[in-house]
Amino acid sequence: MNFIHADFLLETPEARTLYHDYAEGLPIIDYHCHLSPEAIAADRRFRSLTEIWLAGDHYKWRAMRTCGVDERFITGNASDREKFDRWAATVPRTLRNPLYHWTHLELARVFGIDDTLLSSATAGVVWERCGALLGMPQLSACGILRSMNVEVLCTVDDPVDSLEFHARIRDEEGPGPRVLPTFRADRAMAVEHPPALQSYCGMLAESSGTEIRSLADFIGALRLRHEYFHSMGCRISDHGLDAVYAAEGPGGAAGPEAVFRNILRGVAPSAGEAVALRSAILRELALMDDEQGWAQQIHVGALRNVRSAMMRLRGPDAGCDAIGDAPLASSLARFLDSLDREGRLPRTILFNLNPRDNELVAAMAGCFQDGLTAGKIQYGPAWWFLDTEGGMTRQIDALSWLGILGEFVGMVTDSRSFLSFPRHEYFRRVLCNVLGRDMARGAIPPDAALVGGLVQDVCYRNARRWFRFPGTEHVSHTVTTDEAHG
Amino acid sequence: MNFIHADFLLETPEARTLYHDYAEGLPIIDYHCHLSPEAIAADRRFRSLTEIWLAGDHYKWRAMRTCGVDERFITGNASDREKFDRWAATVPRTLRNPLYHWTHLELARVFGIDDTLLSSATAGVVWERCGALLGMPQLSACGILRSMNVEVLCTVDDPVDSLEFHARIRDEEGPGPRVLPTFRADRAMAVEHPPALQSYCGMLAESSGTEIRSLADFIGALRLRHEYFHSMGCRISDHGLDAVYAAEGPGGAAGPEAVFRNILRGVAPSAGEAVALRSAILRELALMDDEQGWAQQIHVGALRNVRSAMMRLRGPDAGCDAIGDAPLASSLARFLDSLDREGRLPRTILFNLNPRDNELVAAMAGCFQDGLTAGKIQYGPAWWFLDTEGGMTRQIDALSWLGILGEFVGMVTDSRSFLSFPRHEYFRRVLCNVLGRDMARGAIPPDAALVGGLVQDVCYRNARRWFRFPGTEHVSHTVTTDEAHG
Amino acid sequence: MNFIHADFLLETPEARTLYHDYAEGLPIIDYHCHLSPEAIAADRRFRSLTEIWLAGDHYKWRAMRTCGVDERFITGNASDREKFDRWAATVPRTLRNPLYHWTHLELARVFGIDDTLLSSATAGVVWERCGALLGMPQLSACGILRSMNVEVLCTVDDPVDSLEFHARIRDEEGPGPRVLPTFRADRAMAVEHPPALQSYCGMLAESSGTEIRSLADFIGALRLRHEYFHSMGCRISDHGLDAVYAAEGPGGAAGPEAVFRNILRGVAPSAGEAVALRSAILRELALMDDEQGWAQQIHVGALRNVRSAMMRLRGPDAGCDAIGDAPLASSLARFLDSLDREGRLPRTILFNLNPRDNELVAAMAGCFQDGLTAGKIQYGPAWWFLDTEGGMTRQIDALSWLGILGEFVGMVTDSRSFLSFPRHEYFRRVLCNVLGRDMARGAIPPDAALVGGLVQDVCYRNARRWFRFPGTEHVSHTVTTDEAHG
C-alpha cells in the first residue's frame, strides 16, 4: 500500500465514512495565506521544483539546517538541483514532523506521485517526473488553484498596497477562486523607530492621497485605505502582535497624539508610550472593522527574528522565529472588553502560537460570544509551529472541551507556497479521525449524518457563512439546529 | 444500544470490571458545591426543567450564546418552555463538549431517560416526560440527594451567613446526606473598594456581635465566625484567588493594620498595599484552619467578569469568566512555606484553572508533604473549564506521574444544580477507563483487587478519612499498606 | 506473565521489532548523571538494598512522605531494614508513577527478580534475595556499570574538584565505561551572598593556583580549571539556572567587574546587579566552551528548596524542589543570540522542567541551528519530574513536531543511584512504542530499517558523534542521508 493512500490517517471505519462521505469533496476557503497576488494575476509558471517548493519555505530551511545542510544549499547560491537534492536527503530525517506528511501529500495531490517516498535515492526520479509536469498548464499558479478546488483565497496585504493584482484577477475572473485581500497594518504599529514610521507615513500619504501630520491624519488615511480595501472585496483585517495592546492611557501631552507627533519629529517613544500608541491604533482599526462588518484576525505568541546573524543575512521570515511567552490573559480581555462594552467588537479570530495558551484562548473566546452572531469570537486553527497532526488535535480538543467545535470556521494554509493546499486535506483527515475515534468508542453518537454535518460546517459551511465575503452574504446557516441561529 | 449505557466510556474489559465491581456503588462525598442550603432545608420542588436545569448554569449559557441564541432566551424574559427549546436545539452542537455528556447522563440518571438524545426534534417529549416526574417526591431537592447516594455535601458559605438552613437540615436529619458549610471569606479579601469592605465589616460586626475598628478586630470577628462554623460541622475553608497572596510586607505605618484602618476611613489601598493586606488576612485564615484541624481549599487561575457589559446586566457568574495566566510558583511556594516552617500548615487542596500549571501544582504539592498526614497537600480535581473527559484525564496523569494518585481525595461537582451529581459517575468512569487501559496494556499489574482498591480510595475512602468531617474522624485508613500510614 | 517481560510497554508488533532488533543491544552513553566518581574509583560494595537504592533518592522520599511515612523511616535514624520495609509498603501506592516502573525494572535488570512485585507482603523475600547478591562482584559499582553496558558516563563536578577519582578510574581503565567529568560552575554564579562567594573564591584560588581579586581574575581561574577539566577528558559544561541570565548591562562603575569587587568586600549585590554579574559569568563560560569545542547543558525551570524546614533539616536535594514558571523566551533568545551573532555559540542542550515550555524550547532550538553541526542546538530529554512514560512521550512529540527527532542525542539517567541505568531501557521502550504505533497506524512508513536507523541514532549513535568525547572525535555520522551532513 502506498504511504499516501485513500485512508491515510483515518484509523476507524467511522473516520473513513466521515472523510469520504462528508469532507473530501468540499471546496476550500483559504481565508489566510501568504501567496503572491502578482503570481496569480500572471498565472505564473515555475521553472523548477526548487522554485515552487523550496523558495520561501522556512519550515524546510529550519529542517535542513538542523540536519547539517550548509546555508549555501538552502538560501545560498547553489543550483536548483543541488538544493533539491539536499532537501530530498533531509526528508527521511523528518519522520514525525509535519514536513514528512506535507511533502508526500503535495507530491501525491499536485504531481500525482504517490508511489515514491522522497529521499536521496529517489531524488532524481522525482525531479524528472515533477519537472516534466511543471511545464503543463495545470501546474501554473491558477491551474493549481483550480485543481485544488479553492473557492475563496485571502492574501495578506499592506494598507498601502494598490491591490492592482487583485483588480486584475477580479477583472479576468474565470473558473478560478475569488482572490481577496486582507488588511494587515502591522507596519502602522511599528512605531519604535521614527525613520521607519516616517517612511511608512510617506507611503500611506501617497496611497491615500492625504497629508499626515498627526495621529488623526494617520488614522484617517488608514480609514481611506480600509474603505478602498472594502471596495476591493476585503472583509478581514489581520494583526501580527507580540502582545495584545490594550493600554488605557492618558490623553493630552502624554497621550498617543502627542507621542505620534514626536515620532514624526524623530523622537523615539518610550516603551510605555509605544504601547499606548499601538493600543490607540489597534483600537481604531477594530472600530473600522466593526463599521464595515469585517472580521479581525489576531495572531499572538511569536517571538520573531531572534537570530540576528540570519536577520542581517536574509531578513525576516528566514526560519529564525520562535515561540514567545508574554502574558496574555489580562491584555486580551481588556482589548476585547473595551470594544464590547461599547457594542463595537467585530467578529474576531484569535490565533495563539504558544500551545500552553490553547485553553486560555478558547475560554476567553467564550466570554465574548454575544448570542447575535453564531461563533462570533473564534479560537483560530492550529497555526505555524502547531500546524501538525498533534497540534491540530490539541486545538480541536481545547475548542471542543471549552467551546463549541461545530461553530469553528476551520483551517488555513498560512503558506507562501502554491503547493500547500493539501494542508486542508490534512486538517480534514485529522478532524474526521478525532470524531471517528469518538464515535467508535461511544463518546459521541454513531450518527454519521449528525457528525458529518458538523464536519461539513467546520470544513466549509461555517467559513462561507461567517466571513460574509462579497457574493456570499446571504448564505444561510444550514445546520440542524436552525432555531439556535435565529 | 443507548448512548448512555452500562459501559459508557469504559473501553476495556479491565475498565468495566473496575467500574462495576469497585466504583459504581460507592456513596458520594461532594466536598465542594454551590447548592443552596435553603433549597435543601425547604426540600424544594421545581416548577420546570428550565428552573432545575438551566437557571444559574453559566456553562449552558456560554454554549447557547456561542451558537447564536439571543440573550432573551438565555437569561432574559422568555418563557421556561422557550428557553428549554433553545437549549434543546443547542445540545447537538455541543458534541465533544462535556455538556453533551452531562446532559445525557443527567437525563438518564435523574429522569430515567436513556433512550433519547436531546435536540429540537425531541425537545417536546423530553419536556413532557421530565415535567411529569418533577412533581414526584423523588425529584425534590432531598429526593435527588438521596437517590444519588450523597453521603456528605459541603456548600459554600460566607462567614457572615447565619447557617440557619444548615441548622434546620441538621435538626431534621433523616436518611439524607450530611450537609455541611464551607467557610469562604472572599469578600473579606476584597479590599480594593473601601465602600465594599466597609459594608462587609458592618455585616461581619453584626453577625459576630463585635465592633470592627481595626484589622485585629476584623480578624477577631472572622475567628468568632470560624468557631461558629466549626460548631456547625464546617471543616473546610475555601478561597477563590486571582493570585496567591504571600507578600511579606513591613509592619508599622505601611503595614496591613494601617492600610486596613485607612480603608475604613475611605482611603483606597495601592496595589501593593492591597496585596499586603490580603496576604495578612489569608495567613490569619490559614492559621485558624490549622488550629481547628480544618483543610483549606485554594482555587487559583480564574480571571473573572471580563465582559463588563454582562457584569452590568447580570452580575457575576453569568458565563463571562476566563482563564488567567498570572505567575504562580513563587507566591504559592512562599505562602505554603511561611506556614509550614512554623508547623502551622493545614491540610490543603490546590485547584488550578489554567491547565498549563497542572504539573507545577502537582510538583508543588509534593514538596510540602510532611509524612504525618497521608496526602496532606492535595492537587485538586479538574475544575470548571477542566471538568471534561480530557481535563480529568490530564489531572489524573499529572497527579499520577508527579505524585501519588492513590492518596487523592477525588472529585467534586462544584455545581449550582441539583442535577449535577452524575459528574461523580463521569469522573469514576474516566478514572476506571484510565486505569483499565493501563492494565490492558501492561503498564500496571492486571490485579483487579489492587487497582480496584485504589479506585475505592480515590472515589470515596480517602475523602471520608482525609476531611475529618464530624462523625467520621475515626475512620481508619483502610489501604493495603497500613504500615505506610502509621 | 511477569509484569516486567520482554515486551513491556511495547504495544504493537512494530514497536517490538524496533526495540528488540535495533535498540535493545546498544551500549549506554549516560552523558548526565550524579554518580559518585569516588564510589566508582573504589569499586564500592553496598551493605544493603537501602544503601544502594534509597539513600539519596529524593524521588522515593517524596512518595513516602506523601503516603504518610514518618521522616524517621525516610532520612532519619531508623534501621536499613525498617526503611526498606516502609518503602516496600509504599510501592503499591505508586501505581502510574514512574517509581513503580523503575522499581520493578531495577529489580529485574540488576537483581534478576522479575517474578515478584514489591509490597509489604514481598518485602522480606526481596530483601533476602537482593542482600545475597549485594555481596557478589557483579553488584559492585563497577560490576553494575559493566553489566549495564555503559560505554561513557559523565559525572557532574565543581570546577574546584581535583578530579582525583576520575584520574584513578582512567588509570585503571579496564573493560568498564569511560568516566568523564562535567564542568558545573553553579557555585560560581551564586553571587547573592558575599560570604559564600568569598569562600568559593578561596577554593577556586587554591585549586587554580592563582589569586582572585577581580572578576577578571575569577574568570581566569575558572578558565584554568576549564583547561584542566579538558585535559581530563571533560567535553561538557552544565548550568542549573533558575532563569537564563542574559542582561546586557553597562560597564564601568555599575558593571559586573565593579559589582564583583564589591561582593569580595562584603557588599551584597542588588537583584539587578546579581543578574548582570551572573550574565557576564555565564557568557564567559560559554565562550570557554566554544574555544574548547565543548557542549553546554542548560537546565532551567526548577524552583529549588521551597520548604525551608526541610532545607534546615537535610539541606538541598531532599525532595523539596518544585517546578517554576519564570519567563523564559526572551532571555533564552538573547543569551543564544549574543553568542551566535559573534560566531561563538557552542553546541547546546536545553533542558526545561516546566512541561508547558516544551514547545517553546523546541522552537527556540530550531532558530539557532547553523547548518554546520547537525543537531547543534538540542532540546534535551525529559528531565526529573518529566522523566515518566508520558513526559518522555511529550518530549518526543514536541521535538518531532517542531524539530528533527532523528538528530536527538537521547536520554540520561540524571540519577544519584547505581541502579538507575534501566531508565535508558525505559526511554528506548517508550521511543520504540511511539514510533511503532505510528508505523502501525500508517503515520510513518512501515520500513523497519528506516525507522530502526532513527532509533539507533537517537539511542546511541548521535550521542557518540555529537559529544566528541576523547576517542570518539572521528566517528562519522552514519545516517542514511550522508549528503545532508556534509
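Reading the values: the criteria
Residues numbered from 1 in each chain as written. Chains lettered and ligands numbered in written order. Predicted model: local features only at pLDDT ≥ 70, side-chain atom pairs only at ≥ 80, totals over all residues. Heavy atoms only, no water. Salt bridge = Lys/Arg side-chain N within 4 Å of Asp/Glu carboxyl O. Helix = DSSP H or I, 4+ residues; strand = E, 2+ residues; numbered from the N terminus. Buried < 20%, exposed > 50% of the residue type's maximum accessible area, 1.4 Å probe, protein only. Least-squares fit on C-alpha atoms with pLDDT ≥ 70 in both. Contact = heavy atoms within 4.5 Å. Nonpolar A, V, L, I, M, F, W, Y, C, P; charged D, E, K, R; others polar. Core = buried A, V, L, I, M, F, W, Y, C linked by side-chain atoms within 4.5 Å. Buried area = accessible area lost by both parts, 1.4 Å probe. Polar contact = N/O pair within 3.5 Å; in protein donor to acceptor, adjacent residues only side chain to side chain.

A. Fine view of the pattern of salt bridges. Under the definition given, this model contains 120 salt bridges over all chains. In this structure, the salt-bridge partner of Glu 425 of chain A is Arg 429 of chain A, at a minimum N-O distance of 2.8 Å. Here Arg 429 of chain A and Glu 425 of chain A lie together in helix α18 (residues 422–440), a separation of four residues that amounts to about one turn. Given the relative accessible area of 11%, Glu 425 of chain A is considered buried. Residues Asp 186 of chain C and Arg 184 of chain C are paired through a salt bridge, measuring 2.9 Å at the closest nitrogen-oxygen approach.

B. Local environment of the relation of the copies chain B and chain C. Once turned by 120 degrees and shifted 0.0 Å along the axis, chain B lies on chain C with an RMSD of 0.0 Å. In the structure described here, the two chain copies are related by an operation that fits a three-fold rotation axis. Minimal C-alpha separation from the rotation axis in chain B is found for Arg 356 of chain B, amounting to 3.2 Å. Comparing interface residues between copies, only 2% of those in chain B also sit at the interface in chain C, which points to a heterologous contact through distinct surfaces.

C. Structural view of the interface of chain B and chain C. If you look at the interface, chain B gives 53 residues, while chain C gives 48 residues. A salt bridge links Arg 93 of chain C to Asp 457 of chain B; its shortest N-O distance comes to 2.9 Å. Going through the elements one at a time, α15 (329–340), α16 (358–367), α17 (389–402), α18 (422–440) and α19 (448–466) of chain B are the ones with two or more residues in the side of chain B that touches chain C. No other element matches α16 of chain B, which puts six residues into the side of chain B that touches chain C. A breakdown of the residues in the side of chain B that touches chain C according to their chemical character gives 26 nonpolar, 14 polar and 13 charged.

D. The nonpolar core, seen in detail. By size, the foremost hydrophobic cluster in this structure holds 535 residues, and its most contacted members are Phe 218 of chain A, Phe 218 of chain B together with Phe 218 of chain C. Apart from residues no more than four positions distant in its own chain, Phe 218 of chain B is found in contact with Ala 188, Leu 197, Tyr 200, Cys 201, Leu 204, Ile 212, Phe 260 and Ile 281 of chain B.

E. Broad picture of the interface of chain C and chain A. Contact residues are listed per partner, giving 54 residues for chain C and 48 residues for chain A. Taking both partners together, chain C and chain A bury about 4300 Å²; carbon and sulfur atoms supply 53% of that area. The largest share of the area that chain C buries against chain A comes from Trp 401, Ile 404 and Arg 441 of chain C, three residues that together contribute 17% of it. Measuring nitrogen to oxygen at the nearest pair gives 3.4 Å for the salt bridge that ties Glu 11 of chain A to Arg 441 of chain C. Our enumeration of links across chain C and chain A arrives at 22 residue pairs in polar contact (both at pLDDT 80 or more). Broken down by secondary-structure element, the contributors of at least two residues to the side of chain C that touches chain A are α15 (329–340), α16 (358–367), α17 (389–402), α18 (422–440) and α19 (448–466) of chain C. At six residues, α16 of chain C tops the list of elements feeding residues into the side of chain C that touches chain A. Its residues assigned to classes, the side of chain C that touches chain A shows 26 nonpolar, 15 polar and 13 charged.

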